[in-house]
Amino acid sequence: MTSQSHSTQPLSQPTARPLNRNDYKTLGLSSLGGTLEFYDFVIFVFFTKTLSHLFFPGDNAFIAQMQTLGIFAAGYLARPLGGIIMAHYGDIIGRKRMFTLSIFLMAVPTLVIGLLPTYASIGIAAPLLLLLMRIMQGAAIGGEMPGAWVFIAEHTPKQRYGLGVGTLTSGITGGILLGSIVAIIVQRSYTAQEVNDFAWRIPFILGGVFGLISVYLRRFLQETPIFKEMAAKKALAQEMPVVSVIKNHKQACLITAALTWSLSTAIVVTILMTPGVIVEGIYKIDRTTSLEANCVATLTLTLGCIFWGWIGDKLGTRASMTLSWGGLIVTAFHFYGSLDVAMSGFQLAFNYALMGFFVGAIATTPIVSTRAFPPSIRFSGLSFAYNMAYALFGGLTPMLTGIWLEKTAMAGAYYVAGVSALAIVVAFLPLAYKGWTAVTPKVREKEVALQIDKVVS
């Protein structure tokens, strides 16, 4: 391999300055794009029962639902592939291009799902095509999430770091809110038979249109100064193997993986599975009432992401994570323990909204994880650790929770409480609340660059 010259100067860090017009523009467009892309990814779960009936017909409804949840999980299993590839090329040809590509790769399969023939029309080919589309969606979202977090984290002034990352995360969770609203509109506008016949396709077709809008919007994003500096050192990211990330940044990877477990469980169990699988499936509460309560909870989740990011800037990471994840433990037990078929729609929505606000604790995951890696390997390190963990925990959680719910209706509370406690423990690790600059010698990044020079020379 030929020798190459690499700069060994550490990359710049965000400075303390007021948010300017370009900051607001970048944050707004990135958040809106994340909203539209994540809508495409999660709309699948709002129509789990309908898809189970259409693509896995049979007498055993539980088996059909588990098969559909398995296809949902396949989207998570594909995340590492998309994340690693897009992180690699994002450091070579630019993150803005990867932003655009990730949305395009999400929009196309979403549109295809909306047009897919069902099992009654083409037999076994129908669920196989559905599986393929979910894999493509998973690869797309695997590149989108870490790239967006890194982009914003390195663009936002350091005293607004938590607020910036929290706001971006709220935009992503806004995609769930948008999915809830669309699902409610479909349920209210069509009969159950009409939904099964054709109306279930509408949200997916809309998702394809949303994706094309996102591709257009991201044309207006500008590269940040820190991103341009990283692009100037593209040979470092281009030639750094994933094994180097694991070798030199084990603790950062483990912290990211642990917090990703907490994030994925909080979202999948409380927001994605609870309306259909628990509220409607176990307690037989009206589907529309369940979706409306979920919509309110997702709204408070979106607001919670911003709030807990802001609190982190004001009080510090340990206080923000203890208050938010601790509050989630309490409100999760309260919500699942109070569920009853006779409860009013208002009470359901209020309890769900309260828990949803504390689910906003998930914003602390990217806040801690992006800060745990030095800039030169941040995109690759975060993408690898986050997506590998999400593939494992996010993929298994729907099936594990479904099986656990066969034993106890409080399974959701136990699972969420466990991962919330884990997040609080992680919050007190120095690398988590101080970041790499305070824990690792500041010459570390230069040393890593020199090590890579030796490998590639």
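These numbers come from a predicted model, not from an experiment.

Caption draft 1: Local environment of the overall build of the protein chain. A count of helices and strands for the protein chain gives 23 helices and zero strands. Taken over 457 residues, the protein chain has a buried fraction of 60%. By element, 67% of the accessible surface of the protein chain is carried by carbon and sulfur atoms, the whole surface being about 17,500 Å².

Caption draft 2: Seen up close, the packing of aromatic side chains. Under the defined criterion, the tally for this structure stands at 19 aromatic pairs. Ring plane angle 50 degrees and centroid distance 5.7 Å describe the contact between W308 and F357, whose orientation is recorded as tilted. One end of the pair, W308, is in helix α15 (residues 287-315); the other, F357, is in helix α17 (residues 345-359), and 49 residues separate them in sequence. Chaining the aromatic ring pairs together yields one cluster made of F307, W308, W310, F357 and F358. The lysine or arginine in question, R134, covers the ring of F44, its NZ or CZ lying 4.7 Å from the ring centre. Above the plane of the ring of Y433 lies R318, whose end atom (NZ or CZ) is 3.8 Å from the centre.

Caption draft 3: Summary view of the nonpolar core. Of all hydrophobic cores here, the largest spans 121 residues; its most connected members are L272 and Y336. The contacts of Y336, once residues within four sequence positions are left out, are V269, T270, T274, I278, Y283, M355, M410, G412 and A413.

Caption draft 4: Looking closely at the confidence of the model for the protein chain. On average, the protein chain scores 82 in pLDDT, and the residues at 70 or more come to 85%. Segment residues 1-11: pLDDT under 50, and 31 contacts once partners within four positions in sequence are set aside and those in other chains are kept. Note that residues 445-457 has pLDDT below 50 and, in this model, 28 contacts with residues that lie over four places away or in other chains.

Caption draft 5: Molecular detail of the packing of α15 against α17. Running from amino to carboxyl end, α15 crosses α17 at an angle of 25 degrees, the nearest separation of the two axes being 7 Å. The pairing of α15 with α17 is recorded here as roughly parallel in orientation. When you trace α15 past α17, the crossing you get is right-handed. Residues T289, S290, A293, N294, V296, A297, T300, L301, G304, F307 and W308 of α15 form the contact with α17, whose participating residues are G345, L348, A349, Y352, A353, G356, F357, F358 and V359. Its residues assigned to classes, the contact of α15 with α17 shows 13 nonpolar, seven polar and no charged.

Caption draft 6: Up close: α15. With 29 residues, α15 extends 40 Å between its outermost C-alpha atoms, agreeing within 8% with the 42 Å of an ideal straight helix rising 1.5 Å per residue. Its side-chain oxygen placed 3.1 Å from the backbone nitrogen of T288, D286 serves as the N-cap of α15. Among the residues trailing α15, G316 stands out with phi positive, at a value near 105 degrees.

Caption draft 7: Seen up close, the pattern of salt bridges. This model, assessed by the stated rule, comprises two salt bridges. Across the pair R188 and E292 runs a salt bridge, and its minimum N-O distance is 2.2 Å. With R188 in helix α8 (residues 161-189) and E292 in helix α15, the pair connects residues that are 104 residues apart, well separated along the chain. On the basis of relative accessible area, R188 is assigned to the exposed category, the value being 57%. A relative accessible area of 27% means that E292 is categorised as partly exposed. Across the pair R287 and E280 runs a salt bridge whose closest N-O atoms are separated by 3.1 Å. Each member of the pair, R287 together with E280, is buried.

Caption draft 8: The arrangement of the side chain of T110 in detail. Mapped onto the elements, T110 comes out in helix α5 (residues 95-115). Taking the relative accessible area as the measure of exposure, T110 reaches 0% and is therefore buried. Here Q137 takes part through its side chain, which lies 2.7 Å from a polar atom of the side chain of T110. Residues contacting T110, with those up to four places away along its chain left out, are D40, Q137, F204, G207 and G208.

Caption draft 9: Looking closely at helix α10 (residues 201-217). Taking 1.5 Å per residue, 17 residues should reach 24 Å; α10 reaches 25 Å between its end C-alpha atoms and fits that length. Along α10, the positions that sit buried rather than exposed are R201, P203, F204, G207, G208, F210, G211, S214, V215 and L217.

Caption draft 10: Representation of a nonpolar patch on the surface. Among the surface-exposed residues, L81, I85, Y89 and I93 lie close enough to one another that they form a single nonpolar patch of about 380 Å² accessible area. Residue L81 is classed as exposed on the basis of its relative accessible area of 55%.

Caption draft 11: Representation of the environment of Q347. Along the chain, Q347 turns up in helix α17. The spatial distance from the C-alpha of Q347 to the C-alpha of F335 is 9.9 Å, given a sequence separation of twelve residues.

Caption draft 12: Main features of unusual backbone geometry. Even without a glycine there, the phi angle at K284 is positive, about 55 degrees. For K284, a relative accessible area of 61% gives the class exposed.

Definitions and limits used
Residues numbered from 1 in each chain as written. Predicted model: local features only at pLDDT ≥ 70, side-chain atom pairs only at ≥ 80, totals over all residues. Heavy atoms only, no water. Helix = DSSP H or I, 4+ residues; strand = E, 2+ residues; numbered from the N terminus. Buried < 20%, exposed > 50% of the residue type's maximum accessible area, 1.4 Å probe, protein only. Areas by Shrake-Rupley, 256 points an atom, 1.4 Å probe, with all protein chains shown as cover. Phe/Tyr/Trp six-rings, centres within 6.5 Å; stacked < 30°, edge-to-face > 60°. Lys NZ or Arg CZ within 6 Å of the ring centre and 35° of its normal. Core = buried A, V, L, I, M, F, W, Y, C linked by side-chain atoms within 4.5 Å. Contact = heavy atoms within 4.5 Å. pLDDT = per-residue confidence, 0-100. Axes fitted to C-alpha atoms, helices over the stretch in contact; angles between N-to-C directions. Parallel < 35°, antiparallel > 145°, perpendicular 65-115°, else oblique. Left-handed = near helix turned anticlockwise from the far one by under 90°. Nonpolar A, V, L, I, M, F, W, Y, C, P; charged D, E, K, R; others polar. Expected span 1.5 Å × (residues − 1). Polar contact = N/O pair within 3.5 Å; in protein donor to acceptor, adjacent residues only side chain to side chain. Salt bridge = Lys/Arg side-chain N within 4 Å of Asp/Glu carboxyl O. Patch = residues over 30% accessible without salt bridge, like charges linked within 9 Å, V, L, I, M, F, W, Y side chains within 5 Å.

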